[in-house]
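# Fold and contact review
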Amino acid sequence: IALASGIAALPPMPLGRAAALLSLCGLFVGNATGTAHLAAAAGAPTFTFLNRYTQTVWMPRSGPHHGVVSESWDSCRDIPLETAWSALEKVLAALKPRPR
């Protein structure tokens, strides 16, 4: 899979600027954190690493939001790399380019 570009991490910035930057993302990939919620609110598709609690309580219920869920209720650290990569490959293959 070839990715056009990416940002490894967002540096500290005002909330509005972060939302504007995230709105341009073709896919936000990360843990289910405030930044992931901001990306979803800004309209970016998301792929998040979730524990069962986070999936049950916080996963966006509509829109192009995907993820991989741990068997653990309180940690996503036990998600096997192969499982995460396979799930991400499926999402990347299905993504449609977003109009700008």
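See the structure shown above.
First, a word on scope: everything that follows refers to the structure included in this document. Quick caveat: nothing in here was measured; it's all calculated off a predicted structure. (Residues numbered from 1 in each chain as written. Predicted model: local features only at pLDDT ≥ 70, side-chain atom pairs only at ≥ 80, totals over all residues. Heavy atoms only, no water.)

Moving on: the overall build of the protein chain. Each helix and strand in the protein chain was counted, giving four helices and three strands. Counted from the first residue to the last, the protein chain has its helices and strands arranged as α-β-α-β-α-β-α. The buried share of the protein chain, reckoned over its 100 residues, is 27%. Considering only residue pairs separated by 6 or more positions, the protein chain has 29% of its internal contacts joining residues 24 or more positions apart. Counting only carbon and sulfur atoms, one obtains 60% of the accessible surface of the protein chain, whose full area is about 6700 Å². (Helix = DSSP H or I, 4+ residues; strand = E, 2+ residues; numbered from the N terminus. Buried < 20%, exposed > 50% of the residue type's maximum accessible area, 1.4 Å probe, protein only. Contact = heavy atoms within 4.5 Å. Areas by Shrake-Rupley, 256 points an atom, 1.4 Å probe, with all protein chains shown as cover.)

Bringing helix α4 (residues 81–94) into the picture now. Side chains that are three or four residues apart share a direction in an α-helix, a result of its 3.6 residues per turn. Its 14 residues give α4 an end-to-end C-alpha distance of 20 Å, which sits within 8% of 20 Å, the value for a rise of 1.5 Å per residue. Within α4, the full set of buried residues consists of Ala84, Leu88 and Val91. One side of α4 carries all its buried residues, which in axial view fall inside an arc of 60 degrees. Exposed residues pointing more than 90 degrees away from the buried face of α4 are listed as Glu82, Lys90 and Ala93. (Expected span 1.5 Å × (residues − 1). Arc of directions from axis to C-beta.)

It is worth spelling out the side chain of Thr48 at this point. Tracing the backbone through its elements, the reader meets Thr48 in strand β2 (residues 46–50). Among residues more than four places away in sequence, those in contact with Thr48 are Gly30, Asn31, Ala32, Ala36, Met59, His66, Gly67 and Val68.

By the bridge criterion, five bridges tie β2 to strand β3 (residues 65–69) in an arrangement that is parallel. Bridge pairing links Leu50 to Val69 in β3. As for the winding sense of the linkage, the β-α-β connection from β2 through helix α3 (residues 52–57) to β3 is right-handed. (Pairing = 2+ DSSP bridges. Right-handed = clockwise from strand over helix to strand, strands pointing away.)

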